[in-house]
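Each chain, letter by letter, is given below.
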Amino acid sequence: MEVIVLPTATDTASLAADIIEQLVTRRPDPVLGLATGSTPGPLYEELTRRHKSGLNFAHARAFMLDEYVGLPAGHPERYAAVIQREVTEPLDIPAGSVHGPDGAATDLIAECERYEQAIIDAGGIDVQIAGIGSNGHIAFNEPGSALTSPTRPKTLNARTRQDNARFFDSLDEVPKHVLTQGLGTIGRSRHLLMLASGAGKADAVAAALEGPLSASCPASVVQLHRHATVLLDEEAAAGL
Ligand code: GLP
């Protein structure tokens, strides 16, 4: 695990963009793992700037980390909509090359099995972008998630729903259930690129990087990963 601390989130976004740029310029068939949340925003904006200057993503495929269950089609906070708006349209990744678990599927367990297999059939994820929740979650793997877990349905805990309420009109509108790549799924990515910024993440970052490898802090799987790069701004690194 490589931990890099830089002054600001703009700096970490720039370094993360360098890693993605290397992947998409060197590989004929790059597979990206995309995360939602505020943290990767500056990275996606930097990639969009580079795309406008000629960085090509037309040959890339992408897999999302997670999705809410129960949001109606067309809801702007469905992660499929967020990723389309913030990443795949600005980067011109072909829509048919972008995949996510379907939170509207009738059989959610079958849908998770299908999605897990789709990632394997694509040859796995080359670079998985991930943030970290204030309670140490990664994707939507809440504390207590098995370290080897596959893609599966999960129930959000109160703190995560509260954290994500800022994207909705009220806390009541935040879904209670989600589909998420598991800690085992994330563990199989060839390169895990974890980003964190701001003082609100300092405790979770310290627990994930320096605490025990434990289901109580799902993001601690970063310690187990064969190739992990953790990019922190100074505020998020304050507890290390
Ligand atoms: C959500 C997402 C996670 C993300 C987390 C932190 O729960 N499912 O993938 O890492 O939020 O979000 P933020 O970056 O906005 O703090």
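The residue numbers shown here count from 1 along each chain, following its written sequence. Owing to the predicted nature of the model, reporting of local features is limited to residues with pLDDT of at least 70; listing and counting of side-chain atom pairs is limited to 80 or more, with chain, interface and lining totals taken over all residues.

The protein chain is annotated in an unreviewed UniProt entry as Glucosamine-6-phosphate deaminase of Kineosporia mesophila.

A. View of the sheet that holds strand β8 (residues 177–180). Here three strands make up an open sheet; going across it, the order is β4-β8-β7 and the pairing antiparallel. In this open sheet, the two edge strands, each paired with only one partner strand, are β4 (66–68) and β7 (152–155). If you compare each strand with its neighbour and ignore which way they point, the axes differ by 30 degrees on average. Note on contacts: each residue gets a C-beta atom placed from the backbone, and two residues are in contact if those atoms are within 7 Å. Every axis corresponds to a line fitted to the C-alpha atoms, with the helix fit spanning only the stretch in contact, and the corresponding angles, defined between N-to-C directions, vary from 0 to 180 degrees. In DSSP terms, a helix is any run of H or I states spanning at least four residues, a strand is any run of E spanning at least two, and both are numbered starting from the N terminus. The sheet contacts of helix α4 (residues 108–121) involve β7 and β8, and relative to β7 the element is tilted by about 125 degrees. By the convention used here, strands pair only if DSSP detects at least 2 bridges between them.

B. Layout of the site of the ligand. Among the 14 residues in the neighbourhood of the ligand, the closest are listed as G37, S38, T39, G131 and G133. Among the residues making up the shell around the ligand, the classes are represented as five nonpolar, eight polar and one charged. Only the C-beta atom matters for nearness: placed from the backbone, it must lie within 6 Å of the molecule or strand for the residue to count as near. Each residue gets one label: Ala, Val, Leu, Ile, Met, Phe, Trp, Tyr, Cys and Pro are nonpolar, Asp, Glu, Lys and Arg are charged, and the others, such as Gly, are polar.

C. The nonpolar core, seen in detail. Counting 64 residues, the largest nonpolar core has L34, A130, L193, M194, V205 and V222 as the members making the most contacts within it. Looking at this core, the element that brings in the most residues is helix α1 (residues 9–26), giving six residues. Setting aside residues up to four positions removed in sequence, L193 forms contacts with A16, I19, V127, Q128, I129, A130, T229 and L231. Any set of buried Ala, Val, Leu, Ile, Met, Phe, Trp, Tyr and Cys residues joined through C-beta atoms within 7 Å is what this text calls a nonpolar core. Once C-beta atoms are placed from the backbone, each residue is buried if 20 or more other C-beta atoms lie within 10 Å of its own, exposed if 12 or fewer, and partly exposed for counts between those two.

D. Layout of the environment of L91. By secondary structure assignment, the location of L91 is in helix α3 (residues 79–91). The spacing of L91 and D102 is 11 residues in sequence and 22 Å in space, taken between C-alpha atoms. Among all residues touching L91, those that are not within four sequence positions of it are L47, T48, H51 and F57.

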